[in-house]
Amino acid sequence: DKTGFPSTYLELEITENLVGPDAADVSRQLKGIRALGVEISIDDFGIAYSSLSRLKQLPLNTLKIDRSFVQDLGKKEDDEVIVRTIISMAHSLNLKVVAEGVETQDQFKYIKHHHCDIVQGFLFGKPIPITEIQKLVT
């Protein structure tokens, strides 16, 4: 409200550690934030308190698949099954899916083939200082 920045352009990224086993209060707070129009994504999905009931309880817009599953695509069939399943499940729940840690063309092809919505990783760019970002956009 103070800045006048439209809340629909904001996304709050939370980790599963934040919601832990007792998430009732956090869920209530997140619902209030979501009511403002802010999107909420859960980061590193699959490595902490990944409970399917949590997906029902929290007002999420996006699931971010942890890079630990993405890094072994093409090497470990179990990780491929997990990634495919997370994408399918998230889409069935009307959630967007982000694959984190995509570093190779093979990983990208796999993720794209299975209709992941957004991809992050060194394949597309490495973290850079704000001064470098400013140069890119001016």
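Overview of the nonpolar core
Among the nonpolar cores identified, the biggest contains 25 residues, and Ile42, Leu60, Leu63, Ile65, Val83 and Ile111 are the most heavily contacted of them. Breaking this core down by element, the ones donating at least two residues are helix H2 (24-35), strand E2 (39-45), strand E3 (62-65), helix H4 (67-70), helix H5 (77-92), strand E4 (96-99) and helix H6 (105-113). Take this core: its biggest share by element is four residues, from H5. Other than its neighbours up to four places away in sequence, Leu63 contacts Ile42, Phe45, Leu55, Ile86, Met89, Ala90, Leu95, Lys96, Val97 and Val98.

What to know about the pairing of E2
Every other side chain in a regular strand lies on the same face of the sheet, so the side chains alternate between the two faces. Here E2 lies mainly inside the structure; five of its seven residues are buried. Pairing analysis gives five bridges linking strand E1 (residues 11-15) to E2, with the strands arranged parallel. By the bridge assignment for E2, Ile14 is matched with Ile42. Relative to E3, E2 runs parallel, the two sharing three bridges. If you follow Ile42 over to E3, its bridge partner there is Leu63.

Regarding unusual backbone geometry
The phi dihedral of Asn94 is positive, around 60 degrees, even though this residue is not glycine. Mapped onto the elements of the fold, Asn94 is located in the loop between H5 and E4. For His115, which is not glycine, the phi dihedral falls at a positive 65 degrees. Inspection of the secondary structure assignment puts His115 in the loop between H6 and strand E5 (118-119).

A word on the sheet that holds E5
Pairing is parallel in the open sheet, where five strands are placed in the order E1-E2-E3-E4-E5. In this open sheet, the two edge strands, each paired with only one partner strand, are E1 and E5. Taken together, the two bridges between E4 and E5 define a ladder with parallel strand orientation. Among the inter-strand pairings, Val98 is bridged to a residue of E5, identified as Ile118.

Thresholds applied
Residues numbered from 1 in each chain as written. Predicted model: local features only at pLDDT ≥ 70, side-chain atom pairs only at ≥ 80, totals over all residues. Heavy atoms only, no water. Core = buried A, V, L, I, M, F, W, Y, C linked by side-chain atoms within 4.5 Å. Buried < 20%, exposed > 50% of the residue type's maximum accessible area, 1.4 Å probe, protein only. Helix = DSSP H or I, 4+ residues; strand = E, 2+ residues; numbered from the N terminus. Contact = heavy atoms within 4.5 Å. Pairing = 2+ DSSP bridges.

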